[in-house]
Amino acid sequence: MNIYQNILEAKKEGKKLLAVLIDPEKMPLQNIPSFFKKVTASIATHIFVGGSTDINNQTEKVVAAIKKNTQLPVVLFPGDVRQITNKADGLLFLSLLSGRNPEYLIEQQIKSVPFVKDTHLEIIPTGYILIDGGKETAVQKVSKTTPIDQDNTTLILNTGLAGQFSGKKLIYLEAGSGATIPVAENIISLVSKNLTIPLIVGGGIKSKKQLETAFSAGADLVVIGTAFENDETFFEDLKK
Ligand code: 1GP
């Protein structure tokens, strides 16, 4: 499975992608089979697994259980190095480009090397840009960084371009899990028009309408977590 190649091809063909984000701290193992029946019946194309924290080290167990219940690619979206497991298919190798905290710009990446240097995981370099979603989110607290204001479109765009020029293969515009305000349409549109690499958008997307807005503005892949955690009937709106 070449996850990145598939994303590039989808972008070329204008096929939109949806990742269901599973936070290992919030997904009881016994719920995985029934949850994934709904995922399978939906338009979801990817499973992302990660959270800002994983206090009880649940990630590996959750990923192993997910792999038994889906054919979709399972991609790690780790809050820190302890969430890396070989049981997944791929890894978003994140750099928090909006922040100025060296821990999340390079330190965690160096700490991850012993876990990833001989891994079969497909490593996808990803520039991660935290944007103000109307409330203080977990990623802001854990990373001790300030999100970029939604009005500061030039800084958001230039951060994305700096990521692309540094060799990132994806740019992820993140309003933060449970954001009140998702990343605005004009920001998605500005960034997607100016970047050649695929664009991921997530944080605070709770309805089919918001999903379609993000897609039509230019998101190649949208990530939704909280809306599925809070209400699994949301999958009904997103049937294949
Ligand atoms: C968070 O972008 C993801 O990292 C998804 O956010 O949980 O608000 O859907 P939600």
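Refer to the structure printed above.
Residues numbered from 1 in each chain as written. Predicted model: local features only at pLDDT ≥ 70, side-chain atom pairs only at ≥ 80, totals over all residues. Heavy atoms only, no water.

Caption draft 1: Quick peek at the overall build of the protein. Counting its secondary structure elements, the protein contains ten helices and eight strands. On C-alpha atoms alone, the protein measures out to a radius of gyration of 16 Å, which is about the 18 Å that the 2.2 N^0.38 rule sets for 240 residues. Each principal axis of the C-alpha atoms in the protein carries an extent, and together these give about 45 × 40 × 35 Å. Across the 240 residues that make up the protein, the buried fraction comes to 55%. Long-range contacts, defined here as pairs at least 24 residues apart, represent 72% of the contacts in the protein between residues at least 6 apart. Working note: accessible area of the protein is about 11100 Å², and carbon and sulfur atoms make up 53% of it. With 26 positive and 25 negative side-chain charges, the protein shows a separation of 3 Å between the mean positions of the two kinds. (Helix = DSSP H or I, 4+ residues; strand = E, 2+ residues; numbered from the N terminus. Rg over C-alpha atoms; globule rule 2.2 N^0.38 Å. Buried < 20%, exposed > 50% of the residue type's maximum accessible area, 1.4 Å probe, protein only. Contact = heavy atoms within 4.5 Å. Areas by Shrake-Rupley, 256 points an atom, 1.4 Å probe, with all protein chains shown as cover. Lys, Arg positive; Asp, Glu negative; His and termini not counted. Charge placed at Lys NZ, Arg CZ, Asp CG, Glu CD.)

Caption draft 2: Quick look at the site of the ligand. Glu174, Gly178, Gly204, Gly225 and Thr226 are the nearest of the 14 residues found near the ligand. A distance of 2.9 Å separates an oxygen atom of the ligand from a polar atom in the side chain of Tyr172. Taking Gly203, its main chain carries an N or O atom lying 3.1 Å from an oxygen atom of the ligand. For the ligand, the accessible surface in isolation is 300 Å², of which the surrounding protein chains cover 96%. Looking at the shell around the ligand, the elements with two or more residues in it are β6 (170-174) and β8 (221-224). Split by residue class, the shell around the ligand holds five nonpolar, eight polar and one charged. (Near = heavy atom within 4 Å. Polar contact = N/O pair within 3.5 Å; in protein donor to acceptor, adjacent residues only side chain to side chain. Nonpolar A, V, L, I, M, F, W, Y, C, P; charged D, E, K, R; others polar.)

Caption draft 3: Structural view of unusual backbone geometry. At Asn57, a position not held by glycine, the phi torsion is positive, near 50°. Note that Asn57 resides in the loop between β2 (46-49) and α3 (59-69). With phi around 50°, Lys144 is a residue other than glycine that occupies positive phi space. Locating Lys144 in the fold gives a position in the loop between α5 (138-143) and α6 (153-165). Judged by relative accessible area, which is 70%, Lys144 ranks as exposed.

Caption draft 4: Seen up close, the side chain of Asp89. Within the element layout of this structure, Asp89 appears in the loop between β3 (74-76) and β4 (90-96). A distance of 3.0 Å separates polar atoms of two side chains, one belonging to Asp89 and the other to Lys67. Within polar-contact distance, the side chain of Asp89 engages the backbone nitrogen of Val74 at 2.8 Å.

Caption draft 5: Region of the structure containing helix α4 (residues 102-116). Between its first and last C-alpha atoms α4 spans 20 Å; for 15 residues at 1.5 Å apiece the expected length is 21 Å, and the two agree. At Ile110, α4 shows its largest kink, close to 30°, and the proline Pro114 lies no more than four residues downstream. Restricting attention to buried positions, one finds in α4 the residues Tyr104, Gln108, Gln109, Ser112 and Val116. Its buried side turned inward, α4 meets β4, β5 (122-130) and α5. (Expected span 1.5 Å × (residues − 1). Bend = angle between axes of the 7 residues up to and from the residue.)

Caption draft 6: Structural detail: the packing of aromatic side chains. Considering all chains together, one arrives at eight aromatic pairs under this definition. Relative to Tyr172, the ring of Phe77 has its centre 5.0 Å away and its plane inclined at 10°; by these criteria the two rings are stacked. Of this pair, Phe77 sits in the loop between β3 and β4 while Tyr172 is found in strand β6, placing the two residues 95 residues apart along the sequence. Summarising the burial analysis for this pair, Phe77 and Tyr172 share the class buried. Taken together through their ring pairs, the aromatic side chains of Phe35, Phe36, Phe228, Phe234 and Phe235 make up a single cluster. (Phe/Tyr/Trp six-rings, centres within 6.5 Å; stacked < 30°, edge-to-face > 60°.)

Caption draft 7: A look at the sheet that holds strand β1 (residues 17-22). As summarised here, the arrangement of the eight strands in space is β1-β2-β3-β4-β5-β6-β7-β8, forming a closed barrel in which the pairing is parallel. Here the strands of the sheet are splayed against their neighbours by 30° on average, with no regard to which way each runs. By the bridge criterion, three bridges tie strand β7 (residues 199-202) to β8 in an arrangement that is parallel. Note on β8: the bridge partner recorded for Ile200 is Leu221. Here helix α7 (residues 185-194) sits on the sheet in contact with β6 and β7, set at roughly 165° to β7. Packing against the sheet, helix α8 (residues 208-217) makes contact with β1 and β8, and its axis sits at approximately 155° to β8. (Pairing = 2+ DSSP bridges. Axes fitted to C-alpha atoms, helices over the stretch in contact; angles between N-to-C directions.)

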